[in-house]
Amino acid sequence: MKMTFRYYGADDPVTLTAISQIPTVRSIVSAIYDVPAGGVWSRESIAALKKAAAAHGLAFEVVESVPVPEDIKLGNEKAPALIENYCENVRRLGEAGVKCICYNFMPVFDWLRSELHRPAADGSNSLAYDEQTVLAMNPAKGGLSLPGWDESYTLEGLRDLLKQYEAMTEEKLWHNLQAFLEAVIPVAHEAGVNMAIHPDDPPWGIFGLPRIITCEKNLDRFLKLVDRKENGLTFCTGSLGADPANDLVKMAGKYADRIHFAHIRNIKHTGERQFHETAHPTEYGSLDIYGIMKALHDNGFDGYIRPDHGRMIWGEDGRPGYGLYDRALGATYLSGLWEAINKGSK
């Protein structure tokens, strides 16, 4: 297991100096953020990020993410050229020593929350989701005040994009995903890079848009689309765990050899399709973090891991879900669990 930490580049209030001081963290998880989806990342930008991390004693071996353009998800006439650009990014990242690329295939909206600062009794705050709040919004009419999605879209651009997706079904999205994988995975194999798809967050359809990376049945189907080691998973406990029907301990064990990257966080279910994020330890949420970590360990997981979304604690104010303090606590908790599980198994 290799502990990592998300870093959003030079503008991130959580600095490389701070990350380097977190016990057990060996590598950053980052990306080139000034190139639009579908563009090719320059070798110079990749090298500069790697050099900056190395100057702080950190590796740069995981990218999160190389965004998949909407035209690829739609499978339109622009898709082939954009897929080739994507493949070129995979090649360049492999040349630079990147071993894992996290990405997602969620139409239009990335991770969604209805609140960014849900207050807790102890004075901390965290991300939260309430389905009724989300469903009361109508993005096509501009009635969208939704944290966690790409707000670079204009209202006109968003309407046009949603119009393009009107005929999209789950089966069509599966077809387009397979076409993407059939082109990218052979390139990833040659480049020495593992591709790790991130589950949909939350793991159900939103605003009539299909979502397919949601449950055990669908993960089984996904892994068979291109049945090679390089075609693997980002096992995000918070995303999959938003649906109580997902048995995360079972899934962690079942997929351990195809999980290249693990995002570990805890959430508390408060109603049907309602949850908020909590501190990482098992006792604070609805997920068995110890059980998940043990299932990964006992089934041979040797990939990258990072503490996922943290609360804002101790008066910190920063990027929602991505402050320093609670994620640092999460990293040391997860590493402590791993050490105890590892020593207990000998």
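The preceding data block contains the structure.
Just so it is clear, the model here is predicted, and its values are computed rather than measured.

Cut-offs applied
Residues numbered from 1 in each chain as written. Predicted model: local features only at pLDDT ≥ 70, side-chain atom pairs only at ≥ 80, totals over all residues. Heavy atoms only, no water. Core = buried A, V, L, I, M, F, W, Y, C linked by side-chain atoms within 4.5 Å. Buried < 20%, exposed > 50% of the residue type's maximum accessible area, 1.4 Å probe, protein only. Helix = DSSP H or I, 4+ residues; strand = E, 2+ residues; numbered from the N terminus. Contact = heavy atoms within 4.5 Å. Pairing = 2+ DSSP bridges. Axes fitted to C-alpha atoms, helices over the stretch in contact; angles between N-to-C directions. Expected span 1.5 Å × (residues − 1). Arc of directions from axis to C-beta.

Caption draft 1: Just the nonpolar core, in detail. Counting 96 residues, the largest nonpolar core has Y86, I101, L177, F180, M195 and F222 as the members making the most contacts within it. It is helix α7 (residues 170-191) that contributes the most residues to this core, 9 residues altogether. With sequence-adjacent residues up to four places away left out, L177 is seen in contact with F105, I197, I212, I213, F222 and L225. V29, C102, F261 and Y304 belong to the second largest nonpolar core, which has 7 residues in total.

Caption draft 2: The arrangement of the environment of T24 in detail. By the secondary structure assignment, T24 is in the loop between α1 (16-20) and β2 (27-30). Looking at T24, the relative accessible area reads 29%, which means it is partly exposed. When the C-alpha positions of T24 and H189 are compared, they lie 29 Å apart, and in sequence the two are 165 residues distant.

Caption draft 3: Broad picture of the sheet that holds strand β3 (residues 59-64). Spatial strand order, β1-β2-β3-β4-β7-β8-β9-β12: 8 strands in a closed barrel with parallel pairing. When the angles between neighbouring strand axes are averaged without regard to direction, this sheet yields 30°. Running over the sheet, helix α11 (residues 289-298) touches β8 (231-236), β9 (259-264) and β12 (304-307) and is turned about 165° from β9.

Caption draft 4: Geometry of the side chain of R306. Among the secondary structure elements, R306 is positioned in strand β12. For R306, the residues in contact, after removing those within four places along its chain, are M3, T4, F5, R6, V29, E64, F261, A262, H263, I264 and Y322.

Caption draft 5: Quick look at helix α2 (residues 43-54). Here α2 is 12 residues long and its end C-alpha atoms lie 16 Å apart, about the 16 Å a rise of 1.5 Å per residue gives. Within the span of α2, buried status applies to I46, L49 and A53. For α2, the angular spread of buried residues about the axis comes to 65°, placing them on one side. Of the exposed residues in α2, those oriented more than 90 degrees away from the buried face are E44 and K51. Each element contacted by the buried residues of α2 is listed here: α1, β2, β3 and α4 (79-95).

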